Amino acid sequence: MKRRELITHLISEISSYMLESDPMRLVISLHQEEDGLHLSVMDDAEHTDAEIEQMEKDLNSQKRPELAGYYGAMTGHDLLGSSRLNLLGWQVKHTDVTRIDKGIKIDFWLGGDNFDSRQFNIPEKK
Amino acid sequence: MKDEKKLYLFFPFLIASFVAAAFAYDGIAALKGFLKLQLMPSRLLSDFFITAGIGPSFLNAAVVGFSGFLLVILTKTKLSGPTFAAVFTMMGFGFFGKTLLNILPILFGVFLAAKYTQKTFREYIIIALFGTALGPLVSAIAFELGLPLPLSIILGAAGGIFTGFLLPSMAVSMLHMHQGYNLYNMGLTCGFLSLFAASLLKAGGASLDNVSYWFSGQPLLLELLVPVISFILIVLGLMDGGVKSLSDFKKIQTQTGRLPSDFIDSTSFGGVFINAGLIGLVGAMYIHFVGGDFNGPVLGGLFTIMGFSAFGTNLKNAWPVVIGVIVSALIFKIPLDSPGVQLAVIFCTTLSPIAGQFGILPGIIAGFLHLLLVSQSGTWQGGMNLYNNGFAGGLTATFLIAFFQWYRTNKKENRLR
């Protein structure tokens with residue numbers, strides 16, 4: 001899949017998910033590098049701790065190439081039913097979900113082996 | 001012990017049991033029959049219990065299942081919901097349609113497609129395993145066109161490799177059509193490809209008349225096979241986690257099942273084994289109740305739904321679709337013990353995500369339409385796609401999803417103001 005297609009599908013799926021909470025504000029920010037990219041999505045909707053925990057779990061699930069290579073093609077094509085974060089989780093390198101003043105911010109990091117996501121201030125694992 | 005490791009023990013046990021059953025039933029003749037079976041046509045509906053015998057069929061199912069299991073191991077794919085479903089399905093269809101000889105070219109074709117797109121074979125492994133539904137296409141070219149044997153086998157293999165190569169591109173497009181509401185997406189994919197293959201072969205003068213080999217005997221081994229495996233699954237599930245397994249089983253019932261729903265990943269091995277065991281038991285009880293036949297196709301079907309109990313099917317989302325098929329059969333006066341209805345009742349669960357997502361009535365409608373379509377779709381594709389119910393289910397799901405989508409988009413309260 002070309003980079004442009006991948007980005008479009010990822011944005012479509014995550015924005016569809018965020019819009020299910022009916023936010024009044026949704027900001028999508030994209031930073032591209034040669035070997036990777038950083039996608040950040042912010043909203044101002046209410047999210048419970050349990051929901052955030054589940055999001056973290058789905059988005060940072062074990063990488064599943066056998067599912068990503070086939071069912072991953074459904075990402076961003078969701079027209080009926082609820083959005084599914086696990087489709088995204090299989091395809092990204094790392095995800096952070098953090099609370100902001102109002103709502104949440106989700107940071108996606110994608111890239112090949114050469115992509116050093118620390119350059120984008122990704123939190124160091126302790 | 002991690003869940004995956006338990007599956008690494010379970011499948012060899014199951015496959016070894018099949019080998020033991022084959023030799024216990026037919027002795028060394030099982031091996032001779034198995035070798036003979038490789039050179040036989042296998043289009044729908046070819047019950048290997050008739051064309052080859054019970055022992056050879058068990059041996060074939062074991063070998064076909066083992067080849068799938070081996071590929072999962074060799075590609076280092078996680079043994080979880082989809083691979084659990086794939087190995088079970090391959091074993092089941094080893095009773096009626098898949099042989100080692102006719103699946104290998106398909107697998108190789110998908111492998112070449114992965115190489116061509118510079119992907120790992122693991123990324124296409126699910127497509128490859130389920131794509132073996134086109135095995136009868138290979139056998140049809142090799143053994144039904146009346147060509148001299150060495151040449152026909154080469155042509156059959158070439159046809160299989162070519163269709164295998166096409167499968168990944170088709171599979172993804174088909175997925176978009178029904179948006180994950182048909183569990184047997186490869187059934188739709190292989191059916192779609194078979195339409196073209198059948199048209200080509202018929203244009204070339206081949207006669208792809210309907211085949212109907214349906215075993216009606218009731219040996220105890222065949223009647224008890226699914227109930228015994230189901231019972232073992234339930235016991236293993238309970239031993240694994242006790243109350244937690246039961247709680248996970250309940251959690252599975254709340255999931256829509258829409259592709260891709262890996263129940264092992266979202267719950268546990270214990271919960272899935274209980275789900276698989278109960279689905280197998282209910283299916284076997286239904287067949288027994290309507291006076292059906294525990295033959296190759298029916299056992300294959302029961303194995304398939306047990307496999308998909310880890311990847312989309314649960315009791316709650318399956319029953320409305322099954323009721324839909326039964327209602328359809330009763331209205332159109334098709335006997336419940338006729339082969340088509342027996343198989344449709346089992347395989348219609350390919351549409352269970354529709355009931356899981358949209359509710360009971362849409363599920364019943366889906367089942368109702370499914371029986372009507374599946375009665376015709378086998379002839380369209382020349383019986384070369386073994387997942388004929390997946391083909392019909394995919395068309396039914398596409399039809400319903402298109403309507404639901406239009407209805408939802410145009411409902412007054414959903415319009416943009």
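### Looking at the pattern of salt bridges
When charged atoms on two side chains of opposite charge get close, those side chains can pair. Under the definition given, this model contains nine salt bridges over all chains. In this structure, A:R99 and A:D49 form a salt bridge, with 2.8 Å as the shortest nitrogen-oxygen distance. Of the two residues, A:R99 sits in strand β3 (residues 94-99) while A:D49 sits in helix α2 (residues 49-59), which places them 50 residues apart along the sequence. A:R64 is the salt-bridge partner of B:D265, the closest N and O atoms lying 3.3 Å from each other. Placement of the pair is B:D265 in helix α13 (residues 263-266) and A:R64 in the loop between α2 and α3 (65-68), with the two residues belonging to separate chains. The exposure class assigned to B:D265 is partly exposed, which follows from its relative accessible area of 35%. Taken together, the shared-partner salt bridges in this structure form one network comprising A:R64, A:E66, B:K78, B:D262 and B:D265.

### As for the interface of chain A and chain B
Taken together, the contact between chain A and chain B spans 20 residues of the former and 32 residues of the latter. Summing both partners gives a buried area of about 2,300 Å² for chain A against chain B, and 60% of it is carried by carbon and sulfur. Viewed at the interface, chain B and chain A are joined by two salt bridges. Taking the shortest distance from any N to any O, the salt bridge between A:R64 and B:D262 comes out at 2.9 Å. Scanning the region where chain A abuts chain B turns up four residue pairs in polar contact (both at pLDDT 80 or more). For the side of chain A that touches chain B, the secondary structure elements donating two or more residues are α3 and α4 (85-89) of chain A. Among the elements that line the side of chain A that touches chain B, the one with the most residues is α3(A), at three residues. The residue makeup of the side of chain A that touches chain B, split by class, is ten nonpolar, six polar and four charged.

### Notes on the packing of helix α16 (residues 315-331) of chain B against helix α17 (residues 339-347) of chain B
Residue and element names in this part refer to chain B. One can describe the packing of α16 onto α17 by two numbers: an axis separation of 8 Å at closest approach and a directional angle of 160 degrees. With respect to each other, α16 and α17 are oriented roughly antiparallel. For the pair α16 and α17, the crossing hand works out as right-handed. Across the interface between the two elements, V322, V325, I326 and A329 of α16 pack against V341, A344 and V345 of α17.

### Examining the environment of B:F192
All names here are of chain B. Within the secondary structure, F192 is located in helix α10 (residues 185-203). Separated by 177 residues in sequence, F192 and I15 have C-alpha atoms that sit 31 Å apart. Excluding residues that lie within four positions of it along the chain, F192 makes contacts with M170, M174 and F391.

### Focus on the side chain of B:K98
Residue and element names in this part refer to chain B. By the element assignment, K98 lies in the loop between α5 (81-93) and α6 (100-116). No salt bridge is formed by the buried K98; its nearest oppositely charged neighbour, D47, is found at 15 Å. Of note is the side chain of K98, whose polar atom sits 2.9 Å from the side chain of T132. Side-chain polar atoms of K98 contact the side chain of Y387, separated by 2.5 Å.

### Things to note about the packing of aromatic side chains
Residue and element names in this part refer to chain B. What the rule picks out here adds up to 39 aromatic pairs over all chains. An angle of 55 degrees between the planes, with centres 5.4 Å apart, marks the rings of F49 and F95 as tilted. With F49 in helix α3 (residues 48-51) and F95 in the loop between α5 and α6, the pair connects residues that are 46 residues apart, well separated along the chain. Taking the relative accessible area as the measure of exposure, F95 reaches 0% and is therefore buried. A ring pair is formed by F308 and F311, whose centres lie 6.2 Å apart and whose planes are at 40 degrees; its orientation type is tilted. Neither F308 nor F311 differs from the other in exposure class; each is buried.

### Description of helix α2 (residues 29-37) of chain B
Residue and element names in this part refer to chain B. Where α2 is concerned, the buried positions are A30, G33, F34 and L37. End-on view of α2: buried residues confined to an arc of 105 degrees, all on one side of the axis. In α2, the exposed positions angled more than 90 degrees off the buried face are occupied by K32, L35 and K36.

### Description of the domain arrangement of chain B
Interface size is commonly expressed as the accessible area that is lost once the parts come together. All names here are of chain B. For chain B, the domain assignment lists domain 1 (3-203) and domain 2 (220-408). A straight line from the C-alpha centre of domain 1 to that of domain 2 covers 20 Å. Between domain 1 and domain 2, the contact holds 60 residues from the first and 62 residues from the second. Of the roughly 5,200 Å² buried between domain 1 and domain 2 on both sides combined, carbon and sulfur atoms contribute 75%. Ranking the residues of domain 1 by area buried against domain 2 places Y181, L183 and Y184 at the top, with a combined share of 19%. Put simply, K6 and D240 hold a salt bridge, and the shortest N to O gap is 2.2 Å. Applying the counting criterion to the domain 1 and domain 2 interface returns 19 residue pairs in polar contact (both at pLDDT 80 or more). Breaking the side of domain 1 that touches domain 2 down by element, the ones donating at least two residues are α1 (3-26), α4 (54-74), α5, α7 (125-131), α8 (135-143), α9 (149-178) and α10. Taken together, the residues that form the side of domain 1 that touches domain 2 break down as 38 nonpolar, 15 polar and seven charged.

Conventions adopted
Every residue gets a number counted from 1 within its own chain, in the order that chain's sequence is written. Following the order in which they are written, the chains are lettered starting with A and the ligands numbered starting with 1. Residues qualify for local features only when their pLDDT is at least 70, as the model is predicted, and side-chain atom pairs are given and counted only at 80 or more; totals for whole chains, interfaces and linings, by contrast, use all residues. For side-chain calculations, the full set of non-hydrogen atoms in the structure is used, while hydrogens and water are omitted. Each reported salt bridge corresponds to a side-chain nitrogen of Lys or Arg within 4 Å of a carboxyl oxygen of Asp or Glu. Strands are runs of DSSP state E lasting at least 2 residues, helices are runs of H or I lasting at least 4, and numbering of each runs from the N terminus. The buried label goes to any residue with under 20% of its type's maximum accessible area, the exposed label to any with over 50%, and the partly exposed label to all in between, with areas taken from a 1.4 Å probe on protein chains only. We call two residues in contact whenever any of their non-hydrogen atoms come within 4.5 Å of each other. By buried area we mean the combined loss of accessible area, with a 1.4 Å probe, across both parts when two parts are placed together. We call two N or O atoms a polar contact when they sit within 3.5 Å, provided that within protein one can donate a hydrogen and the other can accept it, with sequence-adjacent residues counted only if both atoms are side-chain atoms. The residue classification treats Ala, Val, Leu, Ile, Met, Phe, Trp, Tyr, Cys and Pro as nonpolar and Asp, Glu, Lys and Arg as charged. All others, Gly included, are polar. Axis definition: a line fitted to C-alpha atoms, limited for helices to the stretch in contact. Angles are taken between N-to-C directions and run from 0 to 180 degrees. Any angle between 65 and 115 degrees counts as roughly perpendicular, while under 35 counts as roughly parallel, over 145 as roughly antiparallel, and the rest as oblique. In this scheme the handedness of a crossing depends on how the near helix is turned from the far one: anticlockwise by less than a right angle means left-handed, clockwise means right-handed. His is not counted, nor are the chain ends, whereas Lys and Arg count as positive and Asp and Glu as negative. Note on aromatic contacts: the rings of Phe and Tyr and the six-membered ring of Trp form a pair at centre separations within 6.5 Å, being stacked when their planes are under 30 degrees apart, edge-to-face when over 60 apart, and tilted otherwise. Directions pointing from the helix axis toward each C-beta atom define the arc. Boundaries between domains were set according to an automatic or database domain assignment.

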